[in-house]
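Observations on chain architecture
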Amino acid sequence: MINTNSDPKSASKDPVQSAGNRTQTLSAALDHAGHYLPAQGPIGVFVHHNTLHAFQHLPFEEAVVKAAHSFNTEPYLSEEVYQKERARGRILDADIDAILEAEPDAEILAGRLHRRSLRKALLVPGVRRVNGRNIAWEIEEGRMLEHFREDLDATARRALASDTPAALWSICSTRLQPGAAAKPTVDRPRDALLIQRGLDLDEIVNPPLIRLVGGFLDQGIAYWPMPLRELGLLKATRSILSQPVAISREYLSGLRAEFASQQQEGLDAHQTVLKQLDRLGVPEHEWEHYLASELLGLPGWAGMIQCIEKDPSLAPHEAVPCSVMEFMAIRLTYTAIAVKEILGSSCAWHGLKLPDRVPVSLAHQARLFDAAQLLGLSSDTLRALNAHEFTALTHELDLFNETDRRRILHLSYERRHERQILIPLARHRALPPVPGGNGRLAAQVIFCIDEREESIRRALEEVNPAIETVGAAGFFGCAINYAGIDDATGVSLCPVVVKPAHSVRETAVEPERHLQERRQALRRVWARFFRNGAISTRTLVRGSLSTAFLGFFSLFPMSLRLLSPLRFAQWMKRLNEFFLPEPRTELTFVRNDEASRHAITGLMNGFSYQEMADRVANVLGPAGMHRELARMVVILGHGSTSLNNPFVSAYCCGACGGRSGAPNARLFALMANTPEVKTLLRIKGIIVPEDTWFVGGYHDTCNDNIDLYDTDKVPVDHRADLEQVRRSLDKARAMSAHERTRRFEAAEGELTTEEGLRHVQERAEHLGEPRPEYGHCTNAVAVVGRRETTRGMFLDRRAFLVSYDAPKDPEDKALAAVLGAVIPVCGGISLEYYFSTVDNEGYGCGTKLPHNISGLLGVMNGYQGDLRTGLPLQTVEIHEPVRILFVVETSPERVLKVIHANPLLTEFLENRWIRLASIDPITSKILIYRGRGVWEPLVGDEEPLPIAASSRAYYQGRSEHLPLARIDPGLKQAA
């Protein structure tokens, strides 16, 4: 907090201190302040992460409260929401008791009241909003206030039988005096001006700054690009705004002269920030806090600049030179000029006389009044308490404020979820395995660990028990820079924390190169036509002509697109195939020359055979696929396609940097089929049978389409196996699509399986559909273990399924690799959904309806505003915000050893950003981690395990989150 009484002269430069030291101090302060900025990056490469990454070093419960104070956001769901969940049985009183039992207890009133009983009494009746002024008024009016005693238990009613609300209120208001007045918090000039004059400085500074930064970072939407962008943000701004014709705004008329002066002095960004900090009278010891406050005045745009500064490759098209220091130099210049014009001096805001806040109202008395009734403490009892006892009681009430009540309710909410997962899982493990195929598997299908793949994996094994599904990170160990035949440049297909070292390109096969040349020529013509059409709409003359002549002809395809989106998409696909036929392609992925590098990117051209074998082994090994592989192994990458959806990247594969994992899956299959790779795999102890063939493919999680690649290369004696797998996948994707429709209100009535598939396909092509799919909104648990642990379980698309075979990993190397990837990825997804749900306006980006795309970088509300970060309301509206529960099939000692060897994983676990349980692979005993090396055995059996003959029989007619169930097709046969 800025000290409003500080002497502006104290901020002046110390003559003993060198300019270099001040610059270093400033750089460190701004670097630390930048930790509070969003780290989302451009929306085209939306990658899920912990929204509160700046607070990750703190325990979760402490971090969310501190962040709430810093960002003016909510730490948990509202108390009303939790109580509604309690009313419907999602939270049990036993959960509240268990959470209170785990926390320290204390005696408040000797022999009469303990902390646990007080907190239980305040929680169980539900939300009780009390207003001191209303109570006082009702008593003055002679009302009995019986509504306060409606929820009291019998004991409390008896204790208060001879008492009156008026007498109780009298003693509460007499013994508990209002609190002292508090000085308002002032972090920057905007706060002081807003309190003292009612003038919001952000409304003066932000609008021109948004237009400036938006124009500078624009990636192709603007008709005229901002000039001089190659000079950097600060120099370009000075050159433009120091011109005599620069537009002046109210309170910013001195801006042109200031920028001209800075340009003449040749100040760089650091020197400019130092100059403005001195002008604003900010002492050095407050730099970090002040800079953080200014950054949070426009966090979306500042965060975008920081992301592009750290990784210029994230820019969709043109990586313009920019830095947070330059942004801060411009913002502080705007601020200093505005304050000077308003107050006469840039540092005069320190001397503004700020009024005290209104003294604390009757809220404390009202809380004591209500608590006394719930506890059965009469007015005579309160009057008889000595000063120490009365202070202890009121202190406990202050401690157990609304935020802490929400904390207890949230922990209870998560405890019930934990038991809803672990108890049915233990029951399932105790039963005989769900029958599979006899003998060798017909096929194995490797999916991404994404929880959206859980339903299609379950459906595939229902359709064909001889097929086994496997889960691995969706880039399948192949971190590549990839360019398809129609791509101008390559993109990184790997987690954002990984930098690819290898380049892979898709090219037309030799006999069809002429088709590709013709295709590229036609695409250039089409691109030129559509670009000219798009540009013409932004001009006066051509825009008018385009509207008059082309607008009429666009009416017919637009009508068809709206009335029959799927039919229109199919029609356009046929036209595209006719006019732009796509040649057969291949991937250039083999590097024969060890030193071969891409001329522009400097990346290695393809992989050596040893590198291929390492990547294949890193997927097959942890999954336990060491030998006895099926004749057909399919690797399915995934992504999502939808129309008119700026957030489409958020639905794609996070392990591929928010892009499609199709190229990775295709590449992995080609690698695994290479004879030299199979030979090297044997040295690693992975025996791939000679008759095993790998096929790459792609699953679209929005429309549930599945494509398989390079099927022309499948050996003749495997064609029947391939067709069997294809038929099973077609049935499974339709079943999965039908299951998804139970969440969509637009899918009315009892749909057939085919109608369900058509419904999700139409959603993906609908121009006005704000919910093409729900993304990760159901994520809640990650199971790391063998498929037999969860095979046959209905997990309601809520579980990341990670294949890992502990008995085949004696040194825990595979476990370290698996957890090192899935805990940050799955934990990041879980936490982003948590925060975007508990406060969709503060941590999320609100509803999609007012969103406009800005500069191909992000969205903002309306035509001007800050970039919105986080997830939209339509993505999280059915999400249950719980921290993800990792269930790892190994011993507790092994999993803790692996996690504690990794500082990042240790931070996630010990600071309680995730939850952890272990399942012993042999005994099936389940232990729950409670922190600091303490494990608690799972006890109790209150959660049932429903058994159904099929997934559809279980979920039919139900749209809510469903408990775990066992799917046993044998029930259908027995019936």
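Quick caveat, the model's predicted, so the values are computed rather than measured.

1. Structural notes on the overall build of the protein
A count of helices and strands for the protein gives 38 helices and 23 strands. In terms of overall dimensions, the protein has a C-alpha envelope of 90 × 80 × 60 Å along the principal axes. Residue burial in the protein is summarised as follows: out of 975 residues, 54% are buried. Put simply, 74% of the contacts in the protein that link residues at least 6 apart link residues at least 24 apart. When the accessible surface of the protein is totalled, it reaches about 42,600 Å², and 55% of it is carbon and sulfur. The average position of the 111 basic charges and that of the 121 acidic charges among the side chains of the protein differ by 2 Å.

2. Quick notes on the packing of helix α23 (residues 540-553) against helix α24 (residues 555-563)
Following both chains from N to C, one finds α23 and α24 inclined at 45°, their axes separated by 4 Å at the closest point. Here α23 lies oblique to α24, going by the angle between them. Contacts from G551, F552 and F553 of α23 reach α24 at L555, F556 and P557. Split into classes, the residues belonging to the contact of α23 with α24 amount to 5 nonpolar, 1 polar and no charged.

3. A short note on the confidence of the model for the protein
Of all residues in the protein, 95% have pLDDT values of 70 or greater, and the mean over the chain is 90. Under a pLDDT of 50 for its full length, residues 1-13 has, in the predicted model, 31 contacts with residues more than four places off or in other chains.

4. Brief notes about the packing of aromatic side chains
Summed over the entire model, instances satisfying the criterion amount to 17 aromatic pairs. Taking 5.6 Å as the distance between ring centres and 65° as the angle between the ring planes, the aromatic pair formed by Y36 and F55 counts as edge-to-face. In this pair, Y36 sits in the loop between α1 (19-33) and α2 (60-71) while F55 sits in the loop between α1 and α2, placing the two residues 19 residues apart along the sequence. Measuring from centroid to centroid gives 6.3 Å for F259 and Y334, while their planes differ by 65°, and the two rings are edge-to-face. Separated by 75 residues along the polypeptide, F259 in helix α12 (residues 255-265) and Y334 in helix α16 (residues 324-343) bring together distant segments of the chain.

5. Digging into helix α4 (residues 93-101)
Of all the positions in α4, only D95, I96, I99 and L100 are classed as buried. Buried residues in α4, looked at end-on, bunch into an arc of 130°, giving them a common side. Taken together, the buried residues of α4 touch α3 (79-87), α5 (115-123) and α20 (402-430).

6. Concerning the pattern of salt bridges
Within this structure, the stated rule accounts for 75 salt bridges. A salt bridge links R406 to E74; the shortest N-O distance between them is 2.8 Å. One end of the pair, R406, is in helix α20; the other, E74, is in the loop between α2 and α3, with 332 residues separating them in the sequence. Of the residues examined, E74 reaches a relative accessible area of 34% and is grouped as partly exposed. Between D812 and R894 there is a salt bridge, and its shortest N-O distance comes to 2.6 Å. Separated by 82 residues along the polypeptide, D812 in the loop between β15 (799-803) and α33 (813-838) and R894 in helix α35 (residues 892-900) bring together distant segments of the chain. Given a relative accessible area of 4%, D812 falls into the buried group. Among the ionic contacts, a cluster of salt bridges with common partners joins R188, R190, D191, D200, D202, E294 and R331.

7. A few points about the side chain of T875
With respect to the secondary-structure elements, T875 resides in helix α34 (residues 873-876). One polar contact links T875 to Y651, side chain to side chain, over a distance of 3.2 Å. Setting aside chain neighbours within four positions, we find T875 in contact with Y651, Y774, C777 and Y833.

8. Some points on the sheet that holds strand β10 (residues 632-639)
Pairing within the open sheet is mixed, and its 5 strands lie in the order β4-β3-β10-β11-β12. Looking along the sheet, the strands with just one partner apiece sit at the ends: β4 (467-472) and β12 (706-708). In this sheet, adjacent strand axes meet at a mean angle of 25° when their direction is disregarded. Where β10 and strand β11 (residues 693-700) come together, 8 bridges link them in parallel fashion. Residue G639 lies in a different strand from β11, and its bridge partner there is D700.

9. Description of empty space enclosed by the protein
Evaluated as defined, the whole model comprises 8 cavities of 30 Å³ or more. Its boundaries defined by the atoms lining it, the largest cavity holds a volume of some 150 Å³. R740, R743, Y774, T778 and R797 are the residues nearest the centre of the largest cavity, which is lined by 13 residues in total. Across the lining of the largest cavity, the residue classes break down as 3 nonpolar, 2 polar and 8 charged. Within this model, the second largest cavity holds a volume of roughly 130 Å³. Along the wall of the second largest cavity there are 13 residues; nearest its centre are V434, E461, E462, R791 and G792. Every element with two or more residues in the lining of the second largest cavity is listed here: α21 (454-463) and α32 (787-790). Within the lining of the second largest cavity, the residues separate by chemical class into 6 nonpolar, 2 polar and 5 charged.

10. Quick look at a nonpolar patch on the surface
Together, L560, W571, M572, L575, F578 and F579 line one region of the surface with nonpolar side chains, adding up to about 580 Å² of accessible area. With 5 residues, the top contributor of residues to the nonpolar patch is helix α25 (residues 565-579). Structurally, the position occupied by W571 is in helix α25. For W571, a relative accessible area of 42% gives the class partly exposed.

11. A word on the sheet that holds strand β18 (residues 885-889)
Taken together, 6 strands build an open sheet; the order of strands is β15-β13-β18-β19-β20-β21 and the sheet is mixed. The open sheet has two edge strands, β15 and β21 (934-937), and neither has a second partner. The average undirected angle you get between the axes of adjacent strands in this sheet is 25°. As judged from the 4 bridges shared by strand β20 (residues 926-931) and β21, these two strands associate in the antiparallel manner. Following the sheet pairing, L927 is matched in β21 by P937.

12. Re the side chain of Q276
Checked against the element boundaries, Q276 lands in helix α13 (residues 269-279). At a separation of 3.3 Å, a polar atom in the side chain of Q276 contacts the side chain of E258. Dropping the residues within four chain positions of it, Q276 is found in contact with E258, Q262, L332, T333 and A336.

13. Focus: the nonpolar core
Residues L382, L393, L819, F835, F886 and L916 are the most contacted members of the largest nonpolar core, which totals 113 residues. Sort the elements by how many residues they give to this core and α33 lands first, with 13 residues. If sequence neighbours within four positions are ignored, L819 has contacts with V784, P824, V888, V895, V898, I899 and L905. Listed in part, the 64 residues of the second largest apolar core include I210, L252, L295 and I330.

14. Thoughts on the pairing of strand β3 (residues 443-448)
Looking along a regular strand, one sees side chains alternate from face to face of the sheet. Most of β3 sits inside the fold, with 6 of its 6 residues counted as buried. Pairing of β3 with β4, which is carried by 6 bridges, proceeds in the parallel orientation. Each residue of the ladder has a partner; that of A443, found in β4, is I467. Regarding the hand of the β-α-β motif, the stretch spanning β3, α21 and β4 is right-handed. Strand direction decides the pairing type here: β3 and β10, joined by 4 bridges, are parallel. Residue pairing across strands places I446 opposite I635, the latter belonging to β10.

Thresholds applied
- Throughout this document, residue positions are counted from 1 along each chain, in the order its sequence is written.
- Only residues with pLDDT of 70 or above have their local features reported here, since the model is predicted, and side-chain atom pairs are shown and tallied only from 80 upward, although totals for entire chains, interfaces and linings are computed over all residues.
- Excluded from the side-chain calculations are hydrogens and water; all other atoms, namely the structure's heavy atoms, are used.
- Helix numbering and strand numbering both begin at the N terminus, where a helix is a DSSP run of H or I of at least 4 residues and a strand a DSSP run of E of at least 2.
- In this scheme, a residue with accessible area under 20% of its type's maximum is buried, one over 50% is exposed, and one in between is partly exposed, where area comes from a 1.4 Å probe on protein chains only.
- In this analysis, two residues are considered to be in contact whenever any of their non-hydrogen atoms come within 4.5 Å of each other.
- The method behind every accessible area is Shrake-Rupley, applied with a 1.4 Å probe, and residues are considered shielded solely by the protein chains displayed.
- His is not counted, nor are the chain ends; Lys and Arg add positive charge and Asp and Glu add negative charge.
- Charge coordinates come from a single atom per side chain, which is NZ of Lys, CZ of Arg, CG of Asp or CD of Glu.
- Axes, fitted as lines to C-alpha atoms, cover a helix only where it is in contact. Angles between the N-to-C directions of the axes lie from 0 to 180 degrees.
- Orientation categories follow fixed angle ranges, with anything under 35 degrees roughly parallel, anything over 145 roughly antiparallel, 65 to 115 roughly perpendicular, and all other angles oblique.
- All residues other than Ala, Val, Leu, Ile, Met, Phe, Trp, Tyr, Cys, Pro, Asp, Glu, Lys and Arg, Gly among them, are scored as polar; the first ten of these are nonpolar and the last four charged.
- pLDDT runs from 0 to 100 and stands for how confident the predictor is about each residue.
- Pairing of aromatic side chains here covers Phe, Tyr and the six-membered ring of Trp, requires ring centres within 6.5 Å, and sorts the geometry by plane angle: under 30 degrees stacked, over 60 edge-to-face, intermediate tilted.
- This arc is built from the directions going out from the helix axis to the C-beta atoms.
- A side-chain nitrogen of Lys or Arg and a carboxyl oxygen of Asp or Glu constitute a salt bridge if their distance falls within 4 Å.
- Distance and chemistry together define a polar contact, namely a pair of N or O atoms within 3.5 Å, with one atom able to donate a hydrogen and the other to accept it when in protein, and with adjacent residues in sequence counting only for side-chain atoms on both sides.
- A pair of strands is treated as paired once DSSP finds two or more bridges between them.
- Definitions used throughout: a 1 Å grid over protein atoms alone; a cavity as a set of points that fits a 1.4 Å probe which cannot get out; a pocket as an open set with protein on both sides within 12 Å along at least five of seven lines; a lining residue as one with an atom within 4 Å of a point.
- Grid points are joined across faces, edges and corners, and a volume is the space filled by probe spheres set on the points.
- Nonpolar side chains (Val, Leu, Ile, Met, Phe, Trp, Tyr) within 5 Å and like charges within 9 Å form the patches, drawn only from residues with over 30% relative accessible area and no salt bridge.
- In plain words, nonpolar cores are sets of buried Ala, Val, Leu, Ile, Met, Phe, Trp, Tyr and Cys residues tied together by side-chain atoms within 4.5 Å.
- Handedness of a crossover is defined as follows: with both strands directed away from the viewer, a clockwise route from the first strand across the helix to the second makes it right-handed.

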